[in-house]
Amino acid sequence: MMVENARLSVADLHNRIQNQAAHIADLKKEHADIVDSMQEMSQKLDNLYRALMEPQAGQEKSLLDRVGRITVAYESGGIISGMVVRVAGFVIAIGALVATIRAGMGGTP
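So, how was this worked out
- Residues numbered from 1 in each chain as written.
- Predicted model: local features only at pLDDT ≥ 70, side-chain atom pairs only at ≥ 80, totals over all residues.
- Heavy atoms only, no water.
- Salt bridge = Lys/Arg side-chain N within 4 Å of Asp/Glu carboxyl O.
- Helix = DSSP H or I, 4+ residues; strand = E, 2+ residues; numbered from the N terminus.
- Patch = residues over 30% accessible without salt bridge, like charges linked within 9 Å, V, L, I, M, F, W, Y side chains within 5 Å.
- Areas by Shrake-Rupley, 256 points an atom, 1.4 Å probe, with all protein chains shown as cover.
- Buried < 20%, exposed > 50% of the residue type's maximum accessible area, 1.4 Å probe, protein only.
- Contact = heavy atoms within 4.5 Å.

Chemist: Describe the pattern of salt bridges, listing the residues and the values that go with them.
Modeler: According to the stated counting rule, one finds 2 salt bridges in the structure shown. Residue Lys-29 pairs with Asp-33 through a salt bridge whose shortest N-O separation is 2.9 Å. Pair noted here: Lys-29 and Asp-33 are both in helix H1 (residues 2-53), with a separation of 4 residues, about one helical turn.

Structure below.
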């Protein structure tokens, strides 16, 4: 009986070791997949960095610098055009006021 129990215990330990070995193999495969994924992501980030931060062929500035300049110019143009419209509106209002005053005084506009 004792020998039979020992055989069952050894068989049970053997099964556990095999299960753990299979689990370890699965974890190693999962780890390798994660490492590959991280390397791919790192390569993509490097490519993105180069595309944005390094000057491209035929350009002196990087894409990010060029987009930044365009944005600043656009925003500055928006501010300037807004000011021009306001000044033009003010001039038109003054002109209308002067015309009204002249017309009220009996003069010609």
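Chemist: Just give me the short version of a nonpolar patch on the surface, but keep the residues and values in it.
Modeler: The grouping of Met-41, Leu-45, Leu-48, Tyr-49, Leu-52, Met-53, Leu-63, Leu-64 and Val-67 at the surface amounts to a nonpolar patch, some 810 Å² of accessible area in total. Within the residue set of the nonpolar patch, elements represented by two or more residues are H1 and helix H2 (63-104). The element contributing the most residues to the nonpolar patch is H1, with 6 residues. What makes Met-41 partly exposed here is its relative accessible area of 49%.

Chemist: Which residues make up the side chain of Ser-62, and what are the values?
Modeler: Here Ser-62 shows up in the loop between H1 and H2. For Ser-62, a relative accessible area of 3% translates into the label buried. Not counting chain neighbours up to four residues away, the residues in contact with Ser-62 comprise Leu-52, Met-53, Glu-54 and Pro-55.

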